[in-house]
Structure formats: C-alpha cells, structure tokens
Amino acid sequence: MIRFEHVTKRYPDGTVAVDDLSFEVGEGELVTLVGPSGCGKTTTMMMVNRLIEPTSGRIHVDGEDISTVDPVRLRRRIGYVIQQVGLFPHRTILDNTATVPALIGWKRSKARARAAELLDLVGLDPQTYGSRYPQQLSGGQRQRVGVARALAADPPVLLMDEPFGAVDPVVREQLQDEFLKMQARVRKTVLLVTHDIEEAVRLGDRIAVYGQGRIEQFDTPGAVLGTPATPYVAEFVGADRGLKRLSVTEIEADDLEEPPIARVGEPAAEAAARLRAEGARWTVVLDEAGELHGWAGVDELALAGDGGTVGELAHRMNSWVPVGAPLKQAFGVMLQHDAGWVAVLDGARFLGVLTPAKLHEALRRSVDADAQGVARDEVEFDSVADA
Ligand SMILES: Nc1ncnc2c1ncn2[C@@H]1O[C@H](COP(=O)(O)OP(=O)(O)OP(=O)(O)O)[C@@H](O)[C@H]1O
C-alpha cells in the first residue's frame, strides 16, 4: 500500500536525513517508526504526502508512483495527524472536523453530519463538544479532534507524527487504547512516528527501528524485543526494558524504610525534642491505630510551644501508594508531588516509606532475580548504602 524503494533525502545543507530506504506497509497495516531524535522519521513520513520531496528513489501509494500524482489530490487520500494538532482557534470543533470534506466540495450539511459521526467515533459526544472552540477542550480531547479531522474524508492512508506526544502518560495510554479499538474497525494503512519504544510496541503491527537515516530492524514487536537484530537495536530496546520493568515490579514490605514516627496525641514540643535528638527533620504522623494521619516538620513542631499536639500541626499526606502497587506508580507519585519519598499503606495501615534509593534497589533486585532465575528476596545484593 505504501512502498519505499531506495529513497534518499539529502537536505540542501548536505544533511542526509534518509539514506537508501526500502520498506513496505501493507494495506490495513499499522507500522510504527521509532528511533531517537533526528534519525529521519519525520522526513520519511513527510515524503509520503509530498510535503518533502525525496532526492532519489521512488515512493508508491496504492500502486501509484506519487511523484506523478498532483500533491493536492494525493493529500486527499492521506490523513495527517501531528502533535500540535493545529486546530483553527476561531472555528468550532464540528467545523474544524469538517474542514477537509468542506474543502473537497461536500455540501455543508453532509460535511457536518460526517464530522459528527467522526467525533462520536473518537469518543467525543458531538452534542456536547461540537459547538465548543478548541481552547475549551483538554489536550487529550484536542488530540482526538486531530484524529477525527484526519479521518474526515475517509482516506485509506493515515500518517501520524507523535500523535499522542503532547498529553500526560495516563491520557496517552487511554488515547492509544481508543485508537487501537478504532483502528480495528476502520483498518487504515497507518504510518506512525514515535520516539517511544513502548508506544511503538503497543501500537505497531510491525516496527521500523531507525538508526541514523536507516532502518536497523523492521519486524513485529515480539521479534524486535525478543531478538534485536543489531547491538544498536538491543541497546535502544534495552534501555527501555528497565523502565518497563518498573510497571511489573510490585512494592513489597521488605523494600521499605522505617521513617521517624510521631503520634497524633503526642505534645508537639516533646516530639520535636525527641526527633531532633534522633537527627530527624520531619516525621510521619500516625494515629493510635497505626493509620497514616499525615506528616510534620520537626522545626514546625518545635515552634508550636506548650499545649499543641502533633496531630494539630500535621499536614495531609498526598504521596502514598498501596503495598503491591507497581514501582512505576510510586515513582509517578513521587514526581507528581515532588516528594523525596512515598508512604506505603496496607489498607489504611502505615507500613513504611519508599525512598528513591530503595526504589532503585527493588528494581535491581527484580532484574537480578530474573537473571539468576530465583525469587526476589533470594537475591544477594550489595546496596550502595553497604559500600
Ligand atoms: N529542512 C532541513 N534542512 C536541513 N536539515 C534538516 C531539515 N529538516 C530536517 N533536517 C535534519 O534531518 C535529520 C532528520 O530529521 P527528522 O526531522 O526527519 O528526524 P526525526 O527522526 O523525525 O526527529 P524528531 O524525533 O526529533 O522529530 C536531522 O538531522 C535534522 O536536523
């Protein structure tokens, strides 16, 4: 459906962005182009709709050599989704979505009916969102409109350049899921650019892993992850394997540290003196049942004077996760709340805290356990703290 034959692109300054590239995307197939910044992915994609012309080689779309096709006519057959979305700010969502059908001369009522259908397809109720303007939508919703608009003229081919790049990871996963469901229905021939191997693996029927201007491996996700064709691919995929492991390694009670603890009913000044003697600067605050109440700074407790209790001075603790949650969740919470540690709870009961050092240790244990074929708690491990 899309075929590259010995395609090279040399920019006027001499940069060879794409070097003798040959590959094919089958009809209804979704191929992801993945690789580091500057390796030529976007250049590859933009040659398909002739926003960039190759220096040499041929590109066929649907059996036709595209250098012989009028670019405007060509682009009607090719939907294009980009990260910045590029919606018209003064047009409603419905009109934005109907842009292409209107351009190619559909009647206004037909174009709008089609736009409503597509908004529905990407999970936006046209009654609710159709009359809004782009700035009245969230980033994720705008991305969906971008996809709906690209599909409006029902093109057989879809080019997507980092289509989910501008949204947070949670919304991103949602959009990816929805897109996959939609693709199962509409079966477009899709070329999707991403720098994220996880996204490439999730979405692609096949993946093209780019090195500098060339494809290092073009295969199914399983083959790319399982049997990387070159050391470069192994490294590219491997760097991310550790991160993927964060998603599958659960927090265990053994991973936790015991922080300084104060009880809600304890007089603040007394607690401060005790904690200072231990060298602590902050404390976790628990109630009588051992449940998490919050945290407090030792200096704040010291300033409270007579009569104040720890409970009165405690702050609410937002950075916590349940035991058994993946390490990735703990890491996410740490970043979200800019916290140096997260509390780990079993139900409401406080178990301990996970620090970045402990998180790293748990991750290494999990990797070593796999390598040695043993359980995680059997791994002999020299931590940095022991050195
Ligand atoms: N108009 C241009 N003139 C000269 N060099 C260019 C031009 N456009 C891109 N390049 C260069 O071509 C190479 C490939 O760029 P391209 O945008 O295709 O990479 P990419 O893999 O899509 O990167 P990213 O993920 O950062 O978007 C880069 O070295 C880039 O600097």
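As the structure is a computational prediction, the values presented were derived from the model and not from experiment.

Overview of the overall build of the protein
Along its length, the protein carries 16 helices and 16 strands. In summary, the protein has a C-alpha radius of gyration of 27 Å against a globular reference of 21 Å for 387 residues, an excess of more than 25%. Projected onto its principal axes, the C-alpha coordinates of the protein cover approximately 85 × 50 × 40 Å. Here the protein holds 387 residues, and the buried ones make up 45% of them. In the protein, of all internal contacts separated by at least 6 residues, the share reaching a separation of at least 24 is 60%. Carbon and sulfur atoms make up 50% of the accessible area of the protein, which totals about 19000 Å².

Structural notes on the domain arrangement of the protein
What the domain assignment lists for the protein is domain 1 (2-248) and domain 2 (253-378). When each unit is reduced to the centre of its C-alpha atoms, the spacing between domain 1 and domain 2 is 44 Å.

Here's the deal with the site of the ligand
What surrounds the ligand is the set Tyr-11, Asp-13, Thr-15, Ala-17, Pro-36, Ser-37, Gly-38, Cys-39, Gly-40, Lys-41, Thr-42 and Thr-43. Measuring from a nitrogen atom of the ligand, one finds a side-chain N or O atom of Tyr-11 at 3.4 Å. A distance of 2.5 Å separates an oxygen atom of the ligand from a polar atom in the side chain of Thr-43. About the coverage of the ligand: the protein hides 61% of its 640 Å² of free accessible area. The biggest single contributor to the shell around the ligand is helix α1 (residues 41-48), with 3 residues. Counted by class, the shell around the ligand contains 4 nonpolar, 6 polar and 2 charged residues.

Considering the nonpolar core
Within the largest apolar cluster, 30 residues are counted, with the highest numbers of intra-cluster contacts made by Leu-119, Val-145, Val-147, Leu-158, Met-160, Phe-179 and Val-190. The greatest single-element share of this core, amounting to 5 residues, is contributed by helix α7 (residues 139-151). Contacts of Val-145, omitting those with residues within four sequence positions, involve Leu-87, Ile-93, Thr-97, Leu-119, Leu-124 and Leu-137. The next biggest cluster of nonpolar side chains, apart from the first, holds 27 residues, and it includes Phe-4, Val-25, Leu-33 and Val-157.

Quick word on the packing of helix α5 (residues 108-121) against α7
The interhelical angle for the contact between α5 and α7, taken along N-to-C directions, is 135°, at an axis separation of 9 Å. Classified by the angle between their axes, α5 and α7 sit oblique to one another. Considering how the two elements wind past one another, α5 and α7 form a crossing that is right-handed. Contacts between α5 and α7 involve Arg-114, Leu-118, Leu-119 and Leu-121 on the former and, on the latter, Val-145, Ala-148 and Leu-151.

Regarding the packing of α7 against helix α8 (residues 169-186)
The geometry of α7 relative to α8 is characterised by a closest axis approach of 10 Å and an angle of 25° between their N-to-C directions. Classified by the angle between their axes, α7 and α8 sit roughly parallel to one another. When you trace α7 past α8, the crossing you get is right-handed. Note on element contacts: α8 touches α7 through Val-171, Gln-174, Leu-175, Glu-178 and Met-182, opposite Gly-140, Gln-143, Arg-144, Val-147 and Leu-151. Tallied by class, residues from the contact of α7 with α8 come to 5 nonpolar, 3 polar and 2 charged.

Observations concerning the sheet that holds strand β5 (residues 64-65)
Strand order in this open sheet of 4 strands is β2-β1-β4-β5, and the pairing throughout is antiparallel. Only two strands of the sheet have a single partner each, and these edge strands are β2 (16-25) and β5. Sheet strands in contact with α1 are β1 (2-10), β2 and β4 (56-61), and its direction is about 120° off that of β1.

Side note on unusual backbone geometry
Phi at His-6 is positive, roughly 45°, even though this residue is not glycine. By secondary structure assignment, the location of His-6 is in strand β1. In the Ramachandran plot, Asp-20 falls in the positive-phi region, its phi being about 55° despite a non-glycine side chain. Relative to the assigned elements, Asp-20 resides in strand β2.

Observations regarding the pattern of salt bridges
According to the stated counting rule, one finds 20 salt bridges in the structure shown. With its nearest N and O atoms 3.9 Å apart, the salt bridge here joins Arg-73 to Glu-64. One salt bridge connects Glu-266 with Arg-274, and the closest N-O pair in it is separated by 3.0 Å. Judged by relative accessible area, Glu-266 falls into the buried class, the value being 16%. Taken together, the shared-partner salt bridges in this structure form one network comprising Arg-114, Glu-117, Asp-154 and Lys-188.

Here is what the cut-offs are and how they apply
- Every chain is numbered on its own, with residues counted from 1 as its sequence reads.
- In keeping with the predicted nature of the model, local features appear solely for residues at pLDDT of at least 70, side-chain atom pairs appear and are counted solely at 80 or more, and the whole-chain, interface and lining totals rest on all residues.
- Values reported for side chains reflect all heavy atoms of the structure, with hydrogen atoms and water molecules removed beforehand.
- Strands here are runs of E lasting at least two residues and helices are runs of H or I lasting at least four, both read from the DSSP assignment and numbered beginning at the N terminus.
- All radius of gyration figures rest on C-alpha atoms, and the globule criterion is 2.2 Å times the number of residues raised to 0.38.
- Think of it in three bands: with a 1.4 Å probe and only protein chains considered, a residue is buried below 20% of the maximum accessible area for its type, exposed above 50%, and partly exposed in between.
- By the convention used here, residues are in contact when the closest approach between their heavy atoms is within 4.5 Å.
- All accessibility values rest on the Shrake-Rupley procedure with a 1.4 Å probe; residue burial counts only the protein chains present in the view.
- Reported domain spans reflect what an automatic or database domain assignment gives.
- Being near a molecule or strand, for a residue, means having at least one of its heavy atoms within 4 Å of it.
- Whenever two N or O atoms come within 3.5 Å, that pair is a polar contact, provided that in protein one can donate a hydrogen and the other can accept it, and provided that, for residues adjacent in sequence, both atoms are side-chain atoms.
- Throughout, the ten residues Ala, Val, Leu, Ile, Met, Phe, Trp, Tyr, Cys and Pro are labelled nonpolar, Asp, Glu, Lys and Arg are labelled charged, and all others, Gly among them, are labelled polar.
- Residues enter a nonpolar core if they are buried and are Ala, Val, Leu, Ile, Met, Phe, Trp, Tyr or Cys, with the set joined through side-chain atoms within 4.5 Å.
- Fitted lines through C-alpha atoms serve as axes, helices being fitted only where they are in contact, and the angles separating the N-to-C directions of these axes extend from 0 to 180 degrees.
- For classification purposes, an angle smaller than 35 degrees is called roughly parallel, one larger than 145 roughly antiparallel, one from 65 to 115 roughly perpendicular, and anything else oblique.
- Left-handed describes a crossing whose near helix is turned anticlockwise from the far helix by less than a right angle; the clockwise case is right-handed.
- Strands qualify as paired when DSSP identifies two bridges or more between them.
- A side-chain nitrogen of Lys or Arg and a carboxyl oxygen of Asp or Glu constitute a salt bridge if their distance falls within 4 Å.

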